[in-house]
Amino acid sequence: MDYMVRDIGLAERGKNLLKWAEDHMPVLMEIRRRFSVEKPFEGIRIGACLHVTKETGVLVRTLKAGGASVALAASNPLSTQDEVAAALAVEGVNVYAWKGETKEEYYNCIALVLKHQPSITMDDGADLVTELHSGRWNLKVIGGTEETTTGVMRLKAMADRGILKYPIIAVNNAETKWDFDNVYGTGQSTIDGIMRATNVLLAGKKFVIAGYGHCGRGLAARARGMGAHVVITEVDPIRALKAVMDGFDVMPMEEAAKVGDIFVTATGNKNVIRKEHFEVMKDGAILANTGHFNVEIDLKGLEELRVGKLKIRDSVEEYSMRDGRKLYLLTEGRLVNLAAAEGHPSEVMDMSFANQALSVEYC
Ligand code: ADE
């Protein structure tokens, strides 16, 4: 057996989590029944870089039922559910993932997946494909899939430069993915992550969301549902206008920074909240990101401004400013829904991962 997980003794608990997810993922289970009979992946090696959650576990089991062998690394250093990783390892999946990987460990795990010489890749954020194109690997890949908006943007940039070596299906762009997972999944799981991390009352709070794409829109609806006063910042004028007509306050971050109690980035862009914003924020402001990479909050800028830093509880770091104000950063600026909670609920991942399973079969 070839795997690297936090604690293989967690496998029994992981099995129960997988069962719970399976009971809430009827579409994928229906596909699994067919794959078990037809065995479309006999002799195929799949290399996956996905958040190692119970829902991903159900997907991996489905691919295995179809005859595939699967090697799996996490698509974020903080998103692995260690119980699930252990359960999959016991079942013969080559899992290289644990919660709290260093940057070096994270990329090492991706390299271990590529050592299995996959002929199909599954990615969430395009780190696996980027490593595969680094020049260090010589693999024969038939095709791949990409789960998320940020990954699709990176792959399109590679395709535009003519350097993408094989076709990749943008699973993210299926209507049955982004109209549901990105909206309702991100909406609920981001609120869940903030609440598990902080337990603050959302009712009455000024809740600033950067970005009014599918994710921002879903989050805005759920934050409003919790009684928060939602403020949107958005650089795209049409999206900004949509936010206005959906009944939200819309303003530039320069203004929002002065009034917000909780800030969440959902843009896919770099340095959306930065020094000039930290400088005018209220004492006690909470900062979180729900975009794929930890680049939306300018962490370097925050480090430069702080005079003290304290881990106040799991997932919460207190940054003390020179003037005595305190700002609270959740999950090191990494995606709060997966790092502090369990990611999107099973029912919505069922739709996304049904698309994944069928896309792999198409490849
Ligand atoms: N992305 C967001 N939520 C997820 C989940 N529960 N499993 C896998 N990937 C996800």
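One can find the structure itself at the top, above this paragraph.
Quick caveat, the model's predicted, so the values are computed rather than measured. (Residues numbered from 1 in each chain as written. Predicted model: local features only at pLDDT ≥ 70, side-chain atom pairs only at ≥ 80, totals over all residues. Heavy atoms only, no water.)

A look at the overall build of the protein chain
Line of reasoning, step 1. Counting secondary structure elements, the protein chain contains 16 helices and 14 strands.
Line of reasoning, step 2. Against the compact-globule benchmark of 21 Å for 363 residues, the protein chain has a radius of gyration of 20 Å, which places it among compact chains.
Line of reasoning, step 3. Seen through its principal axes, the protein chain has C-alpha atoms that stretch 60 × 40 × 40 Å.
Line of reasoning, step 4. Within the protein chain, buried positions represent 56% of all 363 residues.
Line of reasoning, step 5. Entry remark: accessible area of the protein chain is about 15,500 Å², with carbon and sulfur atoms responsible for 52%.
Line of reasoning, step 6. In the protein chain, 44 side chains carry a positive charge and 49 a negative one; their mean positions are 2 Å apart. (Helix = DSSP H or I, 4+ residues; strand = E, 2+ residues; numbered from the N terminus. Rg over C-alpha atoms; globule rule 2.2 N^0.38 Å. Buried < 20%, exposed > 50% of the residue type's maximum accessible area, 1.4 Å probe, protein only. Areas by Shrake-Rupley, 256 points an atom, 1.4 Å probe, with all protein chains shown as cover. Lys, Arg positive; Asp, Glu negative; His and termini not counted. Charge placed at Lys NZ, Arg CZ, Asp CG, Glu CD.)

Observations concerning the layout of surface pockets
The gaps left among the atoms become clear once a water-sized probe is rolled over them.
Line of reasoning, step 1. Taken as a whole, the second largest pocket encloses approximately 330 Å³ of empty space.
Line of reasoning, step 2. In terms of lining residues, the second largest pocket is bounded by 16 residues, among which K311, D314, S315, V316 and A339 are the most central.
Line of reasoning, step 3. For the lining of the second largest pocket, the secondary structure elements donating two or more residues are α9 (181-198), β12 (306-313), β13 (316-321) and β14 (326-330). (1 Å grid on protein atoms, 1.4 Å probe; cavity = no way out; pocket = protein on both sides within 12 Å on 5 of 7 lines; lining within 4 Å. Points joined across faces, edges and corners; volume = space filled by probe spheres on them.)

Looking at the site of the ligand
Line of reasoning, step 1. Lining the immediate surroundings of the ligand are H51, T53, E55, T56, L338, E342, G343, H344, M349 and F353.
Line of reasoning, step 2. At a separation of 3.0 Å, a nitrogen atom of the ligand approaches a polar side-chain atom of E55.
Line of reasoning, step 3. For the ligand, whose unbound accessible area comes to 260 Å², protein coverage reaches 95%.
Line of reasoning, step 4. Listing elements by their share of the shell around the ligand, those giving two or more residues are α3 (54-65) and α16 (346-362).
Line of reasoning, step 5. By residue class, the composition of the shell around the ligand is 3 nonpolar, 5 polar and 2 charged. (Near = heavy atom within 4 Å. Polar contact = N/O pair within 3.5 Å; in protein donor to acceptor, adjacent residues only side chain to side chain. Nonpolar A, V, L, I, M, F, W, Y, C, P; charged D, E, K, R; others polar.)

Digging into the pattern of salt bridges
Oppositely charged side chains can pair when the atoms bearing their charge come close.
Line of reasoning, step 1. Tallying each qualifying case throughout the model produces 25 salt bridges.
Line of reasoning, step 2. Between E12 and K15 there is a salt bridge whose closest N-O contact spans 3.7 Å. Residue E12 and its partner K15 are both found in helix α1 (residues 11-22); the two are separated by 3 residues, about one turn of the helix. (Salt bridge = Lys/Arg side-chain N within 4 Å of Asp/Glu carboxyl O.)

Some details on the environment of G187
Line of reasoning, step 1. When you line up the elements, G187 lands in helix α9.
Line of reasoning, step 2. C-alpha of G187 to C-alpha of R222: the two residues are 35 residues apart in sequence and 5.7 Å apart in space.
Line of reasoning, step 3. Residues contacting G187, with those up to four places away along its chain left out, are N182, G218, L219 and R222. (Contact = heavy atoms within 4.5 Å.)

Here's the deal with the packing of α9 against helix α10 (residues 214-225)
Line of reasoning, step 1. Packing of α9 against α10 brings their axes to within 7 Å, and their N-to-C directions diverge by 50 degrees. Relative to α10, the element α9 lies oblique. Here α9 and α10 pass one another in a crossing that is right-handed. Contacts between α9 and α10 involve N182, V183, Y184, T186, G187, Q188, T190 and I191 on the former and, on the latter, H214, C215, R217, G218, L219, R222 and A223.
Line of reasoning, step 2. For the contact of α9 with α10, the class distribution of residues is 6 nonpolar, 7 polar and 2 charged. (Axes fitted to C-alpha atoms, helices over the stretch in contact; angles between N-to-C directions. Parallel < 35°, antiparallel > 145°, perpendicular 65-115°, else oblique. Left-handed = near helix turned anticlockwise from the far one by under 90°.)

Structural notes on the sheet that holds strand β3 (residues 94-96)
Line of reasoning, step 1. One open sheet accounts for 6 strands, arranged β3-β2-β1-β4-β5-β6; its pairing is parallel. Looking along the sheet, the strands with just one partner apiece sit at the ends: β3 and β6 (168-170). Neighbour-to-neighbour, the strand axes of the sheet open up by a mean angle of 15 degrees, direction not taken into account.
Line of reasoning, step 2. Bridge analysis of strand β2 (residues 69-73) against β3 gives 3 bridges, and the strand direction is parallel. Bridging across to β3, A73 finds its partner in Y96. (Pairing = 2+ DSSP bridges.)

Concerning the nonpolar core
Line of reasoning, step 1. By size, the foremost hydrophobic cluster in this structure holds 37 residues, and its most contacted members are I46, L59, L63, L72, V95 and M122.
Line of reasoning, step 2. At the level of elements, α1, α2 (26-38), β1 (45-49), α3, β2, α4 (82-90), β4 (120-123) and α16 are the ones that each hand at least two residues to this core.
Line of reasoning, step 3. Apart from residues no more than four positions distant in its own chain, I46 is found in contact with L63, A68, S69, V70, A71, P118, I120, M122 and V360. (Core = buried A, V, L, I, M, F, W, Y, C linked by side-chain atoms within 4.5 Å.)

Some details on unusual backbone geometry
Line of reasoning, step 1. Although it is not a glycine, Q117 adopts a positive phi angle of roughly 55 degrees.
Line of reasoning, step 2. Counting through the fold element by element, Q117 comes out in the loop between α5 (103-115) and β4.
Line of reasoning, step 3. Look at S315: it is not a glycine, yet its phi comes out positive at around 75 degrees.
Line of reasoning, step 4. Checked against the element boundaries, S315 lands in the loop between β12 and β13.
Line of reasoning, step 5. What makes S315 partly exposed here is its relative accessible area of 22%.

Thoughts on helix α7 (residues 149-160)
Line of reasoning, step 1. In this model, α7 (12 residues) spans 16 Å end to end at C-alpha, consistent with the 16 Å of a helix rising 1.5 Å per residue.
Line of reasoning, step 2. Of the positions making up α7, those classed as buried are T150, G151, V152, L155 and M158.
Line of reasoning, step 3. Here the buried face of α7 lies against α6 (127-132), β5 (143-146) and β6. (Expected span 1.5 Å × (residues − 1).)

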